[in-house]
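Structure at a glance
One-letter residues, chain by chain:
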Amino acid sequence: MSQFLEYIKMALFNILSNKVRSLLTMLGIVIGISSVILIMSLGNGAKESITEQLSTVGNGQVAIVSMGSERITIEDLEYIQANVEGVQAYLVTTMSEGTITTPKGTFTGYAYGCNENNYLFEQYSTLSNGHYFTKEDYDAGRMVCYIAEDDAIKLFGNTDVIGMPIDIEIQGKRLSYTIIGLTSYVTESNSLISYDYENAPIYLNVPLSTLDQRLGLNATQTLGYTDATLMLASNINTQDTCNQIIRILDSRHNCLGEDQFIFQSFNDILATINVVINMITLFIALVAAISLFVGGIGVMNIMLVSVTERTREIGIRKALGAKTRSIMLQFLLESGFITMVGGILGILIGLGGAYVISSIISMAMPEYAFTPSISPIVILITTLFSSSVGLFFGIYPARKAAKLSPIEALRRM
Amino acid sequence: MEPLIHIENIMKIYNPGENAVHALDGISLDIATGEFVAIIGQSGSGKSTLMNILGCLDVPTSGTYILSGQDVSNLDDNALSEIRNQQIGFIFQGFNLIPNLTALENVELPLIYRNVPTSERHECAVEALKIVGLEHRMRHKPSELSGGQQQRVAIARAIAAKPPVILADEPTGNLDSSSTREIMKILHNLHDSGRTVVLITHDVQIAENAKRVVRIMDGKIESDKTKEEGALSCQNKQ
Ligand SMILES: Nc1ncnc2c1ncn2[C@@H]1O[C@H](COP(=O)(O)OP(=O)(O)OP(=O)(O)O)[C@@H](O)[C@H]1O
Ligand SMILES: [Mg+2]
């Protein structure tokens, strides 16, 4: 064991006596490792930030989806709300594209049909003027709507629009509404999600009943809906409640065990988003790993030069009794050390770079700010990987050195 | 008593085939413990080839070599390394010190490969440097030492591990006459303190230091005489 220390000392000594060369050799590894770490930690940080922000979005909301021919009816939803503990509200929606006409001109937009609970599910806007439509409006099919302030400016040039008539023509049918409410977006600072952008489509939020009745749309009250969203209390077990709801739907539709209905909580969507981010991160990290490979070849190249240069030294060592494995070990330790130190430097530079980039982002674009993050396991794996790159690419030169015959090696001046 | 070195009908053929070189052509030789033997011969006569085989740096094409009672004629690379480390101390014409190690570190090398613990290794190396009178220079790199001093470091390295055989191939070939005298004196002292020294040289004057002179020619032993017979001086006068 003390001999092993001797070899480590020898390897370190040789690295230190060729400082410039050792540093240049390390460079390839440093670049490879630092880009892997940089990308992994930025990707991870972005993912955590997105997860954190999205986790507030779907809070308490669960979608129920019909996968088969059975439709979710308002009666189903009323029954569920009345009988399942923790179901606070339900939302059914449809969306129909149409042409909106105002004194300012014609616009393409959507009639967003929903029930009176819509505003409960809306997290990024609040009422700024007038009022939302009520259950009474909904039940009576009154031709009222509310719109966003930004849309009011697009449609009328100002926000003084309460009581104004607005027409939308859908599939050749003209529907005339009266504006009763205005909403404005809540722009959360630090939010990656924004509904407030140029060319955002115009929405008229209208009672779904008005669309159903006038247009005879595919999703009608009588036929039911393919999907609905439920608002659940935060103190209940989402999973259990959802299973209970699915059982109720199955029995109401006489389709137990047919998997007609499924539920989808926002967590599922979040998982999908995470998979996508992971894939992108992995892909870029793989590209960076290629540069690591190139760095490894650089190590091999320098080690080969070093073997050639030190042929005489190897000859002397062998003449004095060094065995094949002693010489192997000496050279492998050298390349292993160079790549390990390169790896550690790479990790530090990668992490530093990630923090620099993220702080530049948070200064230039505060709304996209996030903190890079990296797990210790990734760091451990990267260090091990860079050392094994050194060992792997060091094997050939080390074998070449170790196999030299001492007389041949000594003869070379 | 069994000789320390016993070689029998050693052949070494380079490039077997059309232009084969018979560097050694059936050499048999016994060297006893404590002898001081000089091997002389013209350039190309096969001295270094013989020394490589005696030093287990190379194996003979055919023939038997028994060193300290062990047959070493057909050992593999690693086994030969072990034998060299345990049995042989080399002194080369070109010193062969490792340039970026200090004198002390160079002397310690064979002890490292012998797995001697650090403190003991240090002691042995310093002791060897004392024998060659260089303990005050042990922290110097070879480039900071004169040729004679470098060769003395090389001698210290050869004796540090106290091997039974010291092989010197033209140890003074690169040195001036005063350094040569110094080196020869050290070799004499080593012999006087009981070590076996085999000295290879083409210089008759230097060979005269040895008790026994083996002359080789074209890979064969031409003569093998001990000093008492006065062979060397006679031949010189002729
Ligand atoms: N590796 C080799 N391949 C082919 N021939 C060789 C090799 N080494 C030595 N020889 C030949 O073997 C013969 C003996 O060489 P050797 O080096 O033993 O001579 P030497 O007596 O040491 O000479 P010098 O006094 O010049 O050192 C020479 O003819 C030489 O050319
Ligand atoms: Mg020679």
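Note that the coordinates shown come from a computational prediction; the quantities given were computed from them, not determined experimentally.

1. Some remarks on the packing of helix H10 (residues 311-319) of chain A against helix H11 (residues 324-364) of chain A
All names here are of chain A. Packing of H10 against H11 brings their axes to within 10 Å, and their N-to-C directions diverge by 140°. With respect to H11, the axis of H10 lies oblique. Viewed along their axes, H10 and H11 form a crossing whose handedness is right-handed. Across the interface between the two elements, Glu-313, Ile-314, Arg-317 and Lys-318 from H10 touch Thr-324, Ile-327, Gln-330 and Phe-331 from H11. The residue makeup of the contact of H10 with H11, split by class, is 3 nonpolar, 2 polar and 3 charged.

2. Things to note about the sheet that holds strand E11 (residues 261-265) of chain A
Residue and element names in this part refer to chain A. The strand order across the open sheet formed by 4 strands is E2-E10-E1-E11, and the pairing between neighbours is antiparallel. Two strands close off the open sheet at either side, each with one partner strand: strand E2 (87-91) and E11. On average, each strand axis in the sheet is inclined to that of its neighbour by 25°, with strand direction left out of account. Running over the sheet, helix H3 (residues 74-83) touches E2 and strand E10 (227-232) and is turned about 165° from E2. Against the sheet, helix H8 (residues 238-252) touches strand E1 (61-66), E2, E10 and E11, its axis set at about 155° to E11.

3. Re the site of ligand 1
Residues in contact with ligand 1 amount to 14 residues; listed here are only the nearest, B:Ser43, B:Gly44, B:Lys47, B:Ser48 and B:Thr49. Residues close to ligand 1 are split across chains A and B. A distance of 2.8 Å separates an oxygen atom of ligand 1 from a polar backbone atom of B:Gly44. Separating an oxygen atom of ligand 1 from a side-chain N or O atom of B:Lys47 is a distance of 2.7 Å. In isolation ligand 1 exposes 630 Å². Once the protein is present, 66% of that is buried. Those elements that provide at least two residues to the shell around ligand 1 are strand E2 (21-31) and helix H1 (47-54) of chain B. A per-class count over the shell around ligand 1 returns 3 nonpolar, 8 polar and 3 charged.

4. So, the interface of chain A and chain B
The interface is formed by 24 residues belonging to chain A together with 26 residues belonging to chain B. Across the chain A to chain B interface the summed buried area is about 2300 Å²; carbon plus sulfur atoms make up 56%. Of all residues in chain A, A:Gln3, A:Leu320 and A:Ile407 give up the largest surface area on contact with chain B, accounting jointly for 26% of the area buried on that side. Residues A:Lys318 and B:Asp77 are paired through a salt bridge, measuring 3.1 Å at the closest nitrogen-oxygen approach. At the surface where chain A touches chain B, the tally comes to 10 residue pairs in polar contact (both at pLDDT 80 or more). Elements that contribute at least two residues to the side of chain A that touches chain B include exactly helix H1 (2-17), H10, H11 and helix H13 (406-411) of chain A. Its residues assigned to classes, the side of chain A that touches chain B shows 10 nonpolar, 7 polar and 7 charged.

Here is what the cut-offs are and how they apply
- Residues numbered from 1 in each chain as written.
- Chains lettered and ligands numbered in written order.
- Predicted model: local features only at pLDDT ≥ 70, side-chain atom pairs only at ≥ 80, totals over all residues.
- Heavy atoms only, no water.
- Axes fitted to C-alpha atoms, helices over the stretch in contact; angles between N-to-C directions.
- Helix = DSSP H or I, 4+ residues; strand = E, 2+ residues; numbered from the N terminus.
- Parallel < 35°, antiparallel > 145°, perpendicular 65-115°, else oblique.
- Left-handed = near helix turned anticlockwise from the far one by under 90°.
- Contact = heavy atoms within 4.5 Å.
- Nonpolar A, V, L, I, M, F, W, Y, C, P; charged D, E, K, R; others polar.
- Pairing = 2+ DSSP bridges.
- Near = heavy atom within 4 Å.
- Polar contact = N/O pair within 3.5 Å; in protein donor to acceptor, adjacent residues only side chain to side chain.
- Areas by Shrake-Rupley, 256 points an atom, 1.4 Å probe, with all protein chains shown as cover.
- Buried area = accessible area lost by both parts, 1.4 Å probe.
- Salt bridge = Lys/Arg side-chain N within 4 Å of Asp/Glu carboxyl O.

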